[in-house]
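Results of the structural survey
Residue strings, one per chain:
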Amino acid sequence: MKRVLVGIALVALSTAVAADNRPGSGRFDLVEATVPSIQTAIQNNIITADQLVQMYLARIAAYDAKTTATRLNSYIHVNPDAVREAREANGGRANGYQKRPLFGIPVILKDNVDTKKMPTTAGSVAFAGSIPQSDAFITRKLLEAGAIILGKATMTEFANFLTNGMPAGYNSLAGYGYNPYDPRPDPRNALDGLGRPLNDGRPALTPGGSSSGPGIAVAANLAAVGIGTETSGSILSPGTANMLVGIKPTVGLISRDGIIPITADQDTAGPLTRTVRDAAIVLGVIAGFDPKDPATAACLMPGNCFSDYTQFLDAHALAGARIAVPPFPANRAVVMNNAIATLTAQGATVVLVPALAAQLPGCPSRPPAANYPPAPGCSTVLNYGFKRDLNQYIQDHVRTAFPTQSLGDVVAFNIAFGPGATKYDQDLAIFSEMFDTSAGSSDTLRYQSDRAEDITRSRGAIAAALNGPDGVEGSGDDYDALLFSGNSGAGTPAKAGYPSIVVPAGFFDNVVNPPFPAGFNAKRGPAGVTFCGRAFSDPRLIALAYAFEQATHARVPPTST
């Protein structure tokens, strides 16, 4: 599929890192601009919304195209009407339109979020050119808040549930996405764990996934803010890999209507931004009840969902907080120990606790281990949900004239299309297609049992950790949150449907095995820390993350852009 890129005079690229977007300054610097600074510049007539879009388009043309030196490849589709839409939005200033929370803010959407004016493909050749029947619920919320949809982002194909071993950020439709902190391909003349060459074009430094494109674009200042989705780590991973703030909210806080799924049991959308404040602003816009997503009925209960999460930003929130820290990877020890020192200096009590209780693993899907029916002792939730919910999404949102009308059609198309669609195979899709999702089937009964076990284990593990030494919730020794390295602890909160927020925390040495060849100087990779909590503890986590961010100011923009 041909990617649409708009070339703008590159004079707009003369943007400095140090911003001076104060009222009356007469100056606006795009790089690292925040939502409030952008809106201040627009409201003070320093720039217009359409000029802002043109500046972002200039950067996209300079840094994102495959023909450029950086070739970040974060956009799978750039909105050809973005300048016109921004100009029309700017024309509504006299009617108070500029007071909307995201007025004039250019947003990049992961390409599994429906847009009725642009294709939604999940990075799959099988969905190339598929323009949904309508916008996703969250797309409409963003537009109503005054945002400009700048384009659709590349992603790990089908949110990394097409196959095992696919490099983060790869999809058959657009190829690889590259991390702006080291946008070079992997040079190693060796094979990965599945026998594939490491120098097949994949990035030397992972961009994280599956929401790789929004992570790359926001980190490189090719969009003001981004929307990703997560089933288990897909916001937290690109958040930490691109030195961003990423919020994986409580499942039920945000509608999934119009989003290509893995499974409704764990899926959610969330913001990827450069600051906690920006993430809180975006979260308030997209959160709320949607009658088309039953999980959001929880938002009808007072105290669960809010339209303004900036009210919870508290630079002193760590004072008196209690944070539990499970074991963390050895190669992140410096970052984690520094983070713990910061938490302690800010007045928090930090306690190292044992690892969370084990969860059911996913079921093997790759031969020779794979077999049907699924083996005992593993969770079928993702496989079963993928078939059930993808087929339902297609029925509700894909136009009936489009040839791909089921997961079975995806599998058949990929087989017919050949290696271009299945460079890394499609074993997860094939295995999931084998499931019988009809009511009362043995697969349905197995899924229901596995889902109940997932909930019991995951929520029990988190409660056991957060309830403190006495094991009683609500007593004085409870912990406010768990702290993990990056997305290393994503799986258990994901199964529980509980919230997490990742915040930049420094860099780690990008040491790999087998090592990079002599002469290839590996650049240090960004690292983040993640606060996790109970259901609908999103406000408390935002407060803790904001206090940590204000104490560290760890984010550093990538020099490549």
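The coordinates are above.
Below or above, wherever it landed, is the structure these notes cover. Numbering of residues starts from 1 in each chain and follows the order in which that chain's sequence is written. Whole-chain, interface and lining totals are the exception, using all residues; otherwise, since this is a predicted model, local features are given only for residues with pLDDT of at least 70 and side-chain atom pairs are given and counted only at 80 or more. Note that water and hydrogens are dropped before the side-chain values are worked out from all heavy atoms of the structure.

Notes on the sheet that holds strand E1 (residues 75-78)
- Strands are labelled as partners when DSSP assigns at least two bridges between them. Where helices and strands are cited, they refer to DSSP runs of H or I of at least four residues and of E of at least two residues respectively, numbered from the N terminus. Taken together, the 11 strands give an open sheet; going across it, the order is E1-E3-E2-E4-E6-E5-E10-E11-E9-E7-E8, and neighbouring strands pair in mixed fashion. Two strands bound the open sheet, and with one partner strand each, they are E1 and strand E8 (349-352). Averaged over neighbouring strand pairs, the angle between their axes works out to 30 degrees when direction is ignored.
- When strand E4 (residues 225-230) meets strand E6 (residues 268-273), the two strands line up antiparallel, connected through five bridges. For Gly228, the partnering residue across the bridge sits in E6 and is Gly270.
- Contacts are assigned to residue pairs with any non-hydrogen atoms lying within 4.5 Å of each other. Lines are fitted to the C-alpha atoms to define the axes, a helix being fitted only along its stretch in contact, and any angle between axes, read from their N-to-C directions, falls within 0 to 180 degrees. Relative to strand E3 (residues 148-153), helix H2 (residues 49-63) is tilted by about 20 degrees, and along the sheet it contacts E1, strand E2 (106-110) and E3.

Concerning the nonpolar core
- Within this scheme, the nonpolar core is defined by two criteria: the residues are buried Ala, Val, Leu, Ile, Met, Phe, Trp, Tyr or Cys, and they are joined through side-chain atoms within 4.5 Å. Relative accessibility thresholds used throughout: buried, under 20% of the residue-type maximum; exposed, over 50%; partly exposed, between the two (1.4 Å probe, protein chains only). The biggest cluster of nonpolar side chains holds 108 residues, and the ones touching the most others in it are Phe28, Leu102, Ile138, Leu142, Ile323 and Phe531.
- Per element, the largest residue contribution to this core is nine residues, and it comes from H2.
- When neighbours within four sequence positions are excluded, Leu142 is seen to be in contact with Leu102, Val107, Leu109, Ala147, Ile149, Ile227, Val285 and Ile286.
- Residues Phe386, Leu390, Ile394 and Leu407 belong to the second largest nonpolar core, which totals 26 residues.

Observations regarding the pairing of E6
- Taking burial as the measure, the six residues of E6 include six buried ones, the bulk of the element.
- Inspection of the sheet shows strand E5 (residues 245-248) paired to E6 by two bridges, in the antiparallel sense. Its bridge partner being in E6, Gly246 is matched across the sheet by Leu272.

Some details on unusual backbone geometry
- Note the cis peptide between Gly209 and Ser210, where omega equals 10 degrees.
- Tracing the backbone through its elements, the reader meets Ser210 in the loop between helix H5 (157-160) and helix H6 (212-219).
- For the peptide bond that leads from Asn513 to Pro514, omega is 0 degrees, which places it in the cis range.
- Even without being a glycine, Asn221 presents a positive backbone phi close to 60 degrees.
- Of note, Asn221 is situated in the loop between H6 and E4.
- For Asn221, a relative accessible area of 2% corresponds to the buried category.
- Within the chain, Met243 stands out as a residue other than glycine whose phi angle is a positive 55 degrees.
- Overall, the relative accessible area of 0% leaves Met243 in the buried class.

So, the packing of aromatic side chains
- Stacked, edge-to-face and tilted labels apply to pairs of Phe, Tyr and Trp rings (six-membered ring for Trp) whose centres lie within 6.5 Å, assigned for plane angles under 30 degrees, over 60, and everything in between, in that order. Going through the model one piece at a time under the given rule, you end up with 17 aromatic pairs.
- Centroid distance Tyr170 to Tyr176: 4.8 Å. Interplanar angle 50 degrees. Geometry classified as tilted.
- Owing to a relative accessible area of 7%, Tyr170 belongs among the buried residues under this scheme.
- Seen in terms of ring centroids, Phe306 and Phe312 are 4.9 Å apart; in terms of plane orientation they differ by 75 degrees. Their pairing is edge-to-face.
- You can call Phe306 partly exposed: its relative accessible area is 24%.
- Here a set of aromatic residues connected by ring pairs shows up, and it is made of Phe127, Phe158, Phe161, Phe386 and Phe402.
- Here, over-ring charges are defined by two tests on the NZ atom of lysine or the CZ atom of arginine: distance to the ring centre within 6 Å, and angle to the ring normal within 35 degrees. When the ring centre of Phe520 is taken as reference, the NZ or CZ atom of Arg184 above it lies at 3.8 Å.
- Across from the ring centre of Phe508, 3.6 Å away, lies the NZ or CZ of Arg332, which sits over that ring.

Details of the pairing of E3
- For E3, a buried count of six out of six residues is recorded, marking the element as mostly surrounded by other parts of the structure.
- Taken together, the three bridges between E1 and E3 define a ladder with antiparallel strand orientation. Across the sheet, residue His77 finds its bridge partner in E3, namely Lys152.
- Running through helix H4 (residues 137-144), the crossover from E2 to the neighbouring parallel element E3 is right-handed. By convention a crossover is right-handed if, when the strands point away from the viewer, the path from the first strand over the helix to the second runs clockwise.

Things to note about the side chain of Ser379
- With respect to the helices and strands, Ser379 occurs in the loop between E8 and helix H10 (381-397).
- Classification of Ser379 as buried rests on a relative accessible area of 7%.
- Polar contacts, as used here, are pairs of N or O atoms within 3.5 Å; protein pairs need one atom able to donate a hydrogen and one able to accept it. Residues neighboring in sequence count only if both atoms are side-chain atoms. Polar side-chain contacts of Ser379 include one of 3.3 Å to the backbone nitrogen of Val381.
- A polar contact is formed between the side chain of Ser379 and the side chain of Asp454, at a distance of 2.8 Å.

What about the state of the cysteines?
- When two cysteine sulfur atoms are found within 2.5 Å, that pair is recorded as a disulfide. Scanning the model with the defined rule gives two disulfides in all.
- At a sulfur-sulfur separation of 2.1 Å, the disulfide partner of Cys363 is Cys378. The sign of the S-S torsion, about 90 degrees, decides the handedness of the disulfide formed by Cys363 and Cys378: right-handed. Pair noted here: Cys363 is in the loop between E8 and H10 and Cys378 is in the loop between E8 and H10, with a separation of 15 residues, a long-range link.
- With a relative accessible area of 8%, Cys363 lands in the buried category.
- By relative accessible area, Cys378 is classed as buried at 4%.
- When the cysteines engaged in disulfides are numbered in sequence order, the chain pairs them as 1-2, 3-4.
- There is no disulfide at Cys532, and the cysteine sulfur nearest it, in Cys305, is 19 Å away.
- Take Cys532: its relative accessible area is 3%, and that puts it in the buried class.

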